[in-house]
Amino acid sequence: MLKRRVDFARQTELSERFMERLMLWGVGLMTSLTLPVATAQDNAVRSGSVLEEIVVTATKRVENLQDVGIAVTALSGEQMEALGFANAQEVTAASPGVSTIQPNGESNYSLAIRGVANSDFTTNVESPVALYLDEVYISQASGSGFQLFDMERVEILRGPQGTLFGRNSTGGLAHFITRKPTEEFHGYGKITLGDYDQLKLEGAINVPLGNRFFLRASLATHENDGYIENRNANSTGDLNNADDIAWRLQGLLVASDTFEVLFNIRQASQDIDTGFFEYVSSVNAGQLTPNTPNPVLGGYIDNDGDVFAGDYDRPGFNELELEGYSATIKWAIGDKMNLTAISDLSTTDRQYIEDTDASPIDLFNFYLITDAEQFSQEVRLDYESDRVNWVVGLYYLDLEASDINGGIAELIVGDPSPAGFGQPANPVNAGAQRGLYNPYTSELASISVFGQVELKLSEQLDLILGARYIEDEKDFTYSAQVVEYLNPNSTPGFHLPGNIDSQLELGNYTGDRSDDDIALRLQLDWNFADDGLAYVSFNRGIKGGGFNAPIFPPNPPLGYNDATFSYAPEQLDAFEVGLKVGIGEIGRLNLAAYHYDYSDYQLFIIVGVDTITQNADGGEATGFEVELQLTPGYNWDFLFGFAYNDAQATLPSGGVEVTPVQSPEINFNLLGRYAIPIGSHELAFQFDANYRDRVFFALNEAETVTQDGYWVANASVSFGGENWRASAFVRNLFDEEYLVQTFDLSSADVFGLTEQYYGRPQWWGVSFRYDF
């Protein structure tokens, strides 16, 4: 049995539950599909070059990137190393039309692809852009900010992928694939030192244990001081630091030439001090009034111009624990057929609290608590021949979450009686503070069957047909309560029953949903040349229905009813044409154009001080993307990406058309790299930049939720040989100040402020890597 030092009893319990579920599904009888993935390279192309040939599993089969009729950006581990990507969010910089959304810091994020984005960050809400780690779906946004270490590659698929990947991939998906155990002894170590006393360590070791069993252990740690200065007299230090550790242990049993089992155990944790919101006075609804004192906060104002400093009276924290256990069984049945079974048990535990008013006044301290357990099982059978390829499968997801949101808010809640709610009053318990406490539970059972067939109509034409039938059963409970926090300090465990004295239940809701949907794919590929592919496709994607968990008690016209709390699945019909061509021996050009048509579009709207998801009347988006990769000589690499997206949504009431959140009209990314051979070594210089057009962070398109277009640039230089490399880098080279998220709490009837979350400031560092 594998052991770990921390919380051994907890891991043993989870391991036992995981094995129980495996036995229930009869995984011992299930077996595998894909052959080991290898990166094919032209001898004339350097490892890490933009023209490095990469195989992908975007169609659940191993294929060359340029042979897949999907708009997909793929990066190998060597390319991610060269680009300096350190976490899952940063890969978006290399893919046109893709953005990162960060509502509560770097540990909690989702992706936006072609304007398809999640704007409701309640813990029970799943994103329309799916994240996968080694073919395992990550349902919780709290578990998405993982470090990138010991990676094989990443694939970003744009457009609905519902047929093969299922629900909640209407916008597309990002698939992160780690390096697997191999039969040779090898490994690596890497150290990074940087700004704000940054220290990052990572490494991996691969050990063969005989001829049939291979182990691979990987580890990463990351620490740095906070880059947000807290000017409060009672400050205990700077905020938004890093304190992360993650490890992964994989064992590969090759029972025969046709049968193998891969075990994966992983764990990650984070413990940081939060305080990333810049306060801006906004006493008029929807307007920034930085020079006007805020009457809600006793005339407080912060107009010093430093977006990385504040006066936080109650700094928060983010404690996160992720665990996962998976088994992948592969069996090659003859020469043409493969069976795969992927079983996984994952858990997410998170405590998060923030100083919402970002001021020295103790007004409101919002928090989120997540305790989620997910079990998933996929079984698929694929067949490959000269004239026909097909895959059929079954997928099951069981997700149970027991979450809480609310806020410590004595000045807002006050007297808990119905007549006096919101009026000042002395606490019942001496030293306690009142606040909102909203526990909610969510149980999801989702099962789907899917199939896809690729028919070779001629030497040049391929027809692809696919469908997926999905059944979702979801139960939900919610309670809005006024409580007293006996110890009101923002310390771990503040939400536990021993620290809660319930004063009043304002309302409750219990609901359930039963939805069945069908995702579709119809596509025609024309392979008009050895290095030329044109395609036309129709894809229907589905985002599951769900429930709201509002922070503030619903007020009329909202209520504790289905109309307020429940919303239906979203359907997206996508029409796309694309072209992938080689440019001689020096480059590749990929083009895609699309039109999206929504039904029951899920929009996150504001009703008074409440924010909920409702189904819109409809929505449309039209756009195109260009990707150009060039290596005009051995020394040079260039990468260019351009995306245009014109998206509109129609609000549920009034028929008003608005721009969806996080939907820039234009995205542009570029990269240039020049490598100089020096004997057996290489010196390389790199510059990359990303432009993002104006975006809105809420549907009201107000000044308070607007970020105008901006550029972010990075630069690096590296020098190394066959098994080592040293590098120096500067992120955000020109120290651009740009918003990645805002929350509009404007007007004196609310909080009279806007929360602004800025991307990281300029950051320098050096690193050294050694492979053995």
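See above for the structure.
Quick caveat, the model's predicted, so the values are computed rather than measured.

Enquirer: What is the right way to look at the overall build of the chain in this model?
Expert: Broken down by element type, the chain carries five helices and 43 strands. Taken across its 772 residues, the chain has 59% of its residues classed as buried. For the chain, long-range pairs separated by at least 24 residues make up 69% of all intrachain contacts whose partners lie at least 6 apart in sequence. Surface summary for the chain: the accessible area is close to 29,400 Å², and the carbon and sulfur share equals 56%.

Enquirer: Help me understand the sheet that holds strand E41 (residues 739–745), please; the structure alone is not making it clear to me.
Expert: The strands that make up a sheet pair up through hydrogen bonds in the backbone, lying either parallel or antiparallel. An order of E16-E42-E41 is seen for the three strands of this open sheet, with the pairing classed as antiparallel. Both edges of this open sheet fall to strand E16 (277–281) and E41, since each of them pairs with a single strand only. Across this sheet, the average inter-strand angle for adjacent strands is 25°, counted without regard to direction. Bridge count for E41 against strand E42 (residues 753–758) is six bridges, and the pairing is antiparallel. When the bridges of E42 are listed, Phe743 appears paired with Glu755.

Enquirer: Just checking my understanding: could you explain the pattern of salt bridges for this structure?
Expert: A side chain with one charge may pair with a side chain of the opposite charge, provided their charged atoms come close. Evaluation of the coordinates by the stated rule reveals 26 salt bridges. The partner of Glu484 in a salt bridge is Arg434, with the nearest N and O atoms 3.2 Å apart. Here Arg434 lies in strand E22 (residues 433–456) and Glu484 lies in strand E23 (residues 461–485), a separation of 50 residues in the sequence. Assigned by exposure class, Glu484 and Arg434 land together as buried. When the shortest N-O distance is used, the salt bridge between Lys456 and Asp462 registers 3.1 Å. A residue is classified by how much of its surface remains accessible, and Lys456, at 24% relative accessible area, is partly exposed. Each of Arg114, Arg158, Glu576, Glu625 and Glu627 takes part in one network of salt bridges that share partners.

Enquirer: Just to check I follow, could you spell out the sheet that holds strand E3 (residues 71–76) for this structure?
Expert: What the five strands build is an open sheet, ordered E3-E8-E9-E6-E7; its pairing is mixed. Two strands lie at the open edges of the sheet, namely E3 and strand E7 (136–138), each paired on one side alone. Within the sheet, the average angular offset between the axes of one strand and its neighbour, ignoring direction, is 20°. By the bridge criterion, three bridges tie strand E6 (residues 129–133) to E7 in an arrangement that is antiparallel. Within the sheet, the bridge partner assigned to Tyr132 lies in E7 and is Tyr137.

Enquirer: Can you walk me through the packing of aromatic side chains in this structure?
Expert: Any pair of aromatic rings gets described here by the distance separating the centres and the angle formed by the planes. Tallying each qualifying case throughout the model produces 41 aromatic pairs. Plain terms: the ring middles of Tyr560 and Phe565 are 6.1 Å apart, the flat faces sit at 25° to each other, and that makes the pair stacked. For Tyr560, a relative accessible area of 26% translates into the label partly exposed. Among the aromatic residues, ring-to-ring pairing joins Tyr440, Phe476, Tyr478, Tyr509, Phe547, Tyr560 and Phe565 into one connected group. The ring of Phe149 is capped by Arg248, whose NZ or CZ atom sits 4.5 Å from the centre of that ring. The ring of Tyr188 has Arg769 sitting right over it, with the charged end atom 3.9 Å from the ring centre.

Enquirer: Is there a simple way to explain the environment of Leu75 in this structure?
Expert: Within the fold, Leu75 resides in strand E3. When the C-alpha atoms of Leu75 and Glu155 are compared, they prove to be 6.7 Å apart, with 80 residues separating the residues in sequence.

Enquirer: So what exactly am I meant to see when it comes to a nonpolar patch on the surface here?
Expert: A contiguous nonpolar patch, built from Phe185, Ile191, Leu193, Leu199, Leu201, Ile205, Val766, Phe768, Tyr770 and Phe772 and spanning about 840 Å² of accessible area, is present on the exposed surface. Those elements giving two or more residues to the nonpolar patch turn out to be strand E10 (186–194), strand E11 (198–209) and strand E43 (763–771). By secondary structure assignment, the location of Phe768 is in strand E43.

Enquirer: Explain the pairing of E3 here, please?
Expert: Put simply, side chains in a regular strand alternate between the two faces of the sheet. Extensive coverage of E3 is indicated by the burial of six of its six residues. Here E3 shows a buried face lined by Ala71, Thr73 and Leu75 and a second buried face lined by Val72, Ala74 and Ser76. Here six bridges tie E3 to strand E8 (residues 151–158), and the two strands are oriented antiparallel to one another. Within the sheet, the bridge partner assigned to Leu75 lies in E8 and is Val154.

Enquirer: Would you mind going over the nonpolar core with me for this structure?
Expert: Side chains that are nonpolar tend, in soluble globular proteins, to be buried together. In this structure, Phe364, Phe476, Tyr478 and Phe751 are the most contacted members of the largest nonpolar core, which totals 46 residues. Those elements that provide at least two residues to this core are E16, strand E20 (365–384), E22, E23, strand E39 (710–720), E41 and E42. The leading source of residues in this core is E23, at four residues. In this structure Tyr478 touches Asn438, Pro439, Tyr440, Gly507, Asn508, Tyr509, Ala549, Pro550, Phe552, Tyr560 and Phe565, once residues within four positions along its chain are discounted.

Enquirer: What should I look at first to understand the side chain of Thr650 in this one?
Expert: Within the secondary structure layout, Thr650 lies in strand E33 (residues 636–650). Those residues within four positions of Thr650 in sequence are excluded, and the remaining contacts are Leu603, Ala616, Asp617, Gly618, Gly655, Val656 and Glu657.

Enquirer: Could you clarify how one ought to interpret a negative patch on the surface in this entry?
Expert: Where like charges cluster on the molecular surface, the negative patch consists of Glu400, Glu443, Glu471, Glu473, Asp475, Asp512, Asp516 and Asp562. Looking at the negative patch, the elements that each hand over two or more residues are E23 and strand E24 (500–529). A per-element tally of the negative patch places E23 first, with three residues. The exposure class of Glu443 is partly exposed, given its relative accessible area of 42%.

Procedures and definitions
- Residues numbered from 1 in each chain as written.
- Predicted model: local features only at pLDDT ≥ 70, side-chain atom pairs only at ≥ 80, totals over all residues.
- Heavy atoms only, no water.
- Helix = DSSP H or I, 4+ residues; strand = E, 2+ residues; numbered from the N terminus.
- Buried < 20%, exposed > 50% of the residue type's maximum accessible area, 1.4 Å probe, protein only.
- Contact = heavy atoms within 4.5 Å.
- Areas by Shrake-Rupley, 256 points an atom, 1.4 Å probe, with all protein chains shown as cover.
- Pairing = 2+ DSSP bridges.
- Axes fitted to C-alpha atoms, helices over the stretch in contact; angles between N-to-C directions.
- Salt bridge = Lys/Arg side-chain N within 4 Å of Asp/Glu carboxyl O.
- Phe/Tyr/Trp six-rings, centres within 6.5 Å; stacked < 30°, edge-to-face > 60°.
- Lys NZ or Arg CZ within 6 Å of the ring centre and 35° of its normal.
- Patch = residues over 30% accessible without salt bridge, like charges linked within 9 Å, V, L, I, M, F, W, Y side chains within 5 Å.
- Core = buried A, V, L, I, M, F, W, Y, C linked by side-chain atoms within 4.5 Å.
- Lys, Arg positive; Asp, Glu negative; His and termini not counted.
- Charge placed at Lys NZ, Arg CZ, Asp CG, Glu CD.

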